[in-house]
Amino acid sequence: MFSVFNTFNTSALQILIILSLLLASAAQISFSSSQSNSNSGVNVWPKPRNFSWPQPQQANLLSPNFSITFPDHHKYLSSSVKRYLQLILSEHHLPLVNPSSFIHINTSAPPLLTLSVTVADLSAPLHHGVDESYTLTIPIAGGAADLAAQTAWGAMRGLETFSQLVWGDPSLVAVGVYVWDSPLFGHRGVMLDTSRNSYGVRDMLRTIEAMSANKLNVFHWHITDSHSFPLMVPSEPELASKGSYGSNMHYSPADVTKIVEFGLEHGVRVLPEIDSPGHTGSWAAAYPDIVTCANMFWWPDGVDWADRLAAEPGTGHLNPLNPKTYQVLKNIIRDVAILFPEPFYHAGADEIIPGCWKADPTIQSFLSEGGTLSQLLELFVNSTFPYIVSLNRTVVYWEDVLLDDNIKVQSTVLPQEHTILQTWNNGHNNTKRIVSSGYRVIVSSSEFYYLDCGHGDFLGNNSIYDQQTGSGTKNGGSWCGPFKTWQTMYNYDITYGLTEEEVKLVLGGEVALWSEQADPTVLDARIWPRASAVAESLWSGNRDEKGMKRYAEATDRLNEWRSRIVARGVGAEPIQPLWCVRNPGMCNTFNPVA
């Protein structure tokens, strides 16, 4: 075992001053004694599965010499403990609603000196399905608290919970607390698109750190698309040197290692996505011969929507009939598998547009001889899927590969044991279609989980904006509008309408930030605290012990949590005026609002 501790001491006089300040603080502000813990200002987000803090709720001083003991022969747990100790001792969070008015602060009790962390299995890797459960006991008598977890990753979740039970200056800690906690879903993620607009490494590290605080565990990195190819692939360097926005907007192998290691230190898996065969126009700068319809206008004048060349500006699909396509792609897959230890590999396969493939002469010849576009996709999948699997990877595809109306493969091409589908269309219906076919699913329904929706559209010269009556504006031009509020996201039940057996195939969910209209200047506000709402829904659910939706009760807690992560450096947007927080319940309604 190893102990991490701070090095300063506190004199008896300082302790007396501290106690005086505490008593004065408790006397200054008065709140109704009927307030529940949900708006006490001392909460844990996401709400634990089982949280006991008997009445009257009590808090003791946290010792200035507080330390954490833990098994020190786990690289990532050691890093996590050191980080949390520093946070716990220095954060001094001040809740929006002062807890000292209705929590008994026992200044005569011994301060809490130690948190003892024990882990049953230090060898468990951070893979899907790893045990993230933990128990936390903070005795009322002070002294030592205990955090027990099956794995290091569960211990990290418990450290976050403990950190949220400490507040104030001087630091107080909730005591008489018992927590048993474990996530409902093993896959809880955020997807970020770094192709359409560029993000710095620090932006992604900040996002991963905020994810960890919210007990989200998968950073789905949509690295490449038609717009740019920012990843420096060692065996194919020209893809980034020619296909990125510039040399200052690359991700080097060293950058990837930094992001992956940072993720492991925070209990967050980094899942890479190299989308293909669609969304590959940026590849044409280095390999124009393997990309069809590259650099063409996406929707020519007078052409029907069905005959467009891309789903949005930025054309280009890989050509399945060109053998060189697979030489380049297999080099990329091999290098990505080396750079990212994550056992899942996201291969994309969404939004294959018929017009793009049909624009190529070799494909025109193939079709004229009786071939079909679905056969082209099947050829592509059969030429790449086995190679990905041979690298000990499970392949994740967007749902289109199996569910698209026009271009799709037969289920026999995608063995269920090696395939996961990520759904983004038609809400519960497509989730049901996937799991009823026996496939595992990650839910990212655009109607509920898309963070970019509701901000209009990025097309110029679009007559939809020339509206004088306020009707027919199609949510301001946003195809997936309106804006998805935190309540919409929180209340979405990703297993709705599924049988008990089908529920077992739902791995979890991801919110998604596509970056047509997002970059580092709006990153935090687009993600947080809406992703926090999803984090709780996926961790402990969105219903109380009586089975009722708890979004009203969650509002006060989310206000407090948003305030805390803002203080930690996350630019999360507000969800209510501060007046609502200071007047609990006054911003609710008992009446339906149309």
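Conventions we followed
- Residues numbered from 1 in each chain as written.
- Predicted model: local features only at pLDDT ≥ 70, side-chain atom pairs only at ≥ 80, totals over all residues.
- Heavy atoms only, no water.
- Salt bridge = Lys/Arg side-chain N within 4 Å of Asp/Glu carboxyl O.
- Helix = DSSP H or I, 4+ residues; strand = E, 2+ residues; numbered from the N terminus.
- Buried < 20%, exposed > 50% of the residue type's maximum accessible area, 1.4 Å probe, protein only.
- Expected span 1.5 Å × (residues − 1).
- Bend = angle between axes of the 7 residues up to and from the residue.
- Contact = heavy atoms within 4.5 Å.
- Disulfide = S-S within 2.5 Å.
- Phe/Tyr/Trp six-rings, centres within 6.5 Å; stacked < 30°, edge-to-face > 60°.
- Lys NZ or Arg CZ within 6 Å of the ring centre and 35° of its normal.
- Patch = residues over 30% accessible without salt bridge, like charges linked within 9 Å, V, L, I, M, F, W, Y side chains within 5 Å.
- Areas by Shrake-Rupley, 256 points an atom, 1.4 Å probe, with all protein chains shown as cover.
- UniProt positions renumbered as here; feature names shortened; annotations may be inferred.
- Pairing = 2+ DSSP bridges.
- Axes fitted to C-alpha atoms, helices over the stretch in contact; angles between N-to-C directions.

## Topic: the pattern of salt bridges
Counted by the stated rule, this structure contains 24 salt bridges. Of the charged contacts in the structure, one is a salt bridge between Glu516 and Arg196, with a shortest N-O distance of 3.0 Å. Of the two residues, Glu516 sits in the loop between β20 (506-513) and α16 (523-527) while Arg196 sits in the loop between β11 (187-193) and α4 (201-213), which places them 320 residues apart along the sequence. Its relative accessible area of 8% is what places Arg196 among the buried residues. In this structure, Lys432 and Glu502 form a salt bridge, with 2.7 Å as the shortest nitrogen-oxygen distance.

## Regarding helix α18 (residues 551-567)
Every α-helical turn comprises 3.6 residues, leaving residues that sit three or four positions apart pointing alike. For α18, which comprises 17 residues, the first-to-last C-alpha distance of 24 Å matches the rise-based estimate of 24 Å (1.5 Å per residue) to within 8%. Of all the bends in α18, the greatest measures close to 30° and is centred on Arg557. Looking at the buried residues of α18, the elements they touch are α3 (152-164), β8 (166-167), α4, α14 (486-491), α17 (530-539) and α19 (578-582). Positioned one or two residues after α18, Gly569 has a phi angle of 105°, which is positive.

## Regarding the environment of Val233
Within the secondary structure, Val233 sits in the loop between β12 (218-224) and α5 (238-243). What makes Val233 buried here is its relative accessible area of 1%. Through-space distance from the C-alpha of Val233 to that of Ser182 is 38 Å; in sequence the pair is 51 residues apart. Discounting residues that sit within four places of it in the chain, Val233 has contacts with Asn331, Ile332 and Asp335.

## A word on the state of the cysteines
Here the structure, examined in full by the defined rule, presents three disulfides. A disulfide bridge connects Cys293 with Cys356, and the sulfur atoms are separated by 2.0 Å. Note on the Cys293 and Cys356 pair: the S-S dihedral is about -95°, so by sign convention the disulfide is left-handed. Of this pair, Cys293 sits in the loop between β14 (291-292) and β15 (317-318) while Cys356 sits in helix α8 (residues 354-358), and the two are 63 residues apart along the sequence. Taken individually, Cys293 and Cys356 each receive the classification buried, so the pair is uniform in this respect.

## Here's the deal with the packing of aromatic side chains
Summed over all chains, the structure comprises 19 aromatic pairs. Ring geometry for Trp221 against Phe340: centres 5.9 Å apart, planes inclined by 75°, an arrangement best described as edge-to-face. Placement of the pair is Trp221 in strand β12 and Phe340 in the loop between α7 (323-339) and β16 (344-348), with a sequence separation of 119 residues. The buried category is assigned to Phe340, whose relative accessible area is 1%. Arranged with centres 5.8 Å apart and planes meeting at 45°, the rings of Trp398 and Trp514 form a pair that is tilted. Of this pair, Trp398 sits in strand β17 (residues 394-398) while Trp514 sits in the loop between β20 and α16, and the two are 116 residues apart along the sequence. Exposure remark for Trp398: the relative accessible area of 1% places this residue in the buried category. Residue Trp514 is classed as buried on the basis of its relative accessible area, which comes to 9%. Among the aromatic residues, those joined into a cluster by ring pairs are Trp398, Trp424, Tyr450, Trp479 and Trp514. Directly above the ring of Trp539 sits Lys215, whose terminal nitrogen or CZ lies 5.9 Å from the centroid.

## Overview of a nonpolar patch on the surface
On the surface, Phe297, Trp299 and Trp305 cluster together to form a nonpolar patch covering roughly 350 Å² of accessible area. By secondary structure assignment, the location of Trp305 is in the loop between β14 and β15. Given the relative accessible area of 41%, Trp305 is considered partly exposed.

## Some details on the UniProt feature "domain: Beta-hexosaminidase eukaryotic type N-terminal" (unreviewed entry) in the protein
The residues that UniProt annotates with the feature "domain: Beta-hexosaminidase eukaryotic type N-terminal" (unreviewed entry) are residues 44-165. The straight-line gap between the two end C-alpha atoms of residues 44-165 is 7 Å; of that span, 24% is helix and 34% is strand.

## Here we look at unusual backbone geometry
Here the bond from Trp45 into Pro46 is cis, since omega is -5°, no more than 30 degrees from zero. Backbone geometry places His279, a non-glycine residue, at a positive phi of 55°. Of note, His279 is situated in the loop between β13 (269-276) and β14. His279 gets classed as buried once you look at its relative accessible area, which sits at 9%.

## Side note on the side chain of Ser540
Locating Ser540 in the fold gives a position in the loop between α17 and α18. In this structure Ser540 touches Lys47, Pro48, Arg49, Leu184 and Arg550, once residues within four positions along its chain are discounted.

## Regarding the sheet that holds β12
A barrel is described by the order of its strands in space; here eight strands give the closed sequence β11-β12-β13-β16-β17-β18-β19-β20, paired in parallel fashion. Strand-to-strand, the axes of this sheet are offset by a mean angle of 30°, without reference to chain direction. Strand direction decides the pairing type here: strand β18 (residues 419-423) and strand β19 (residues 440-443), joined by four bridges, are parallel. For Gln422, the partnering residue across the bridge sits in β19 and is Ile442.

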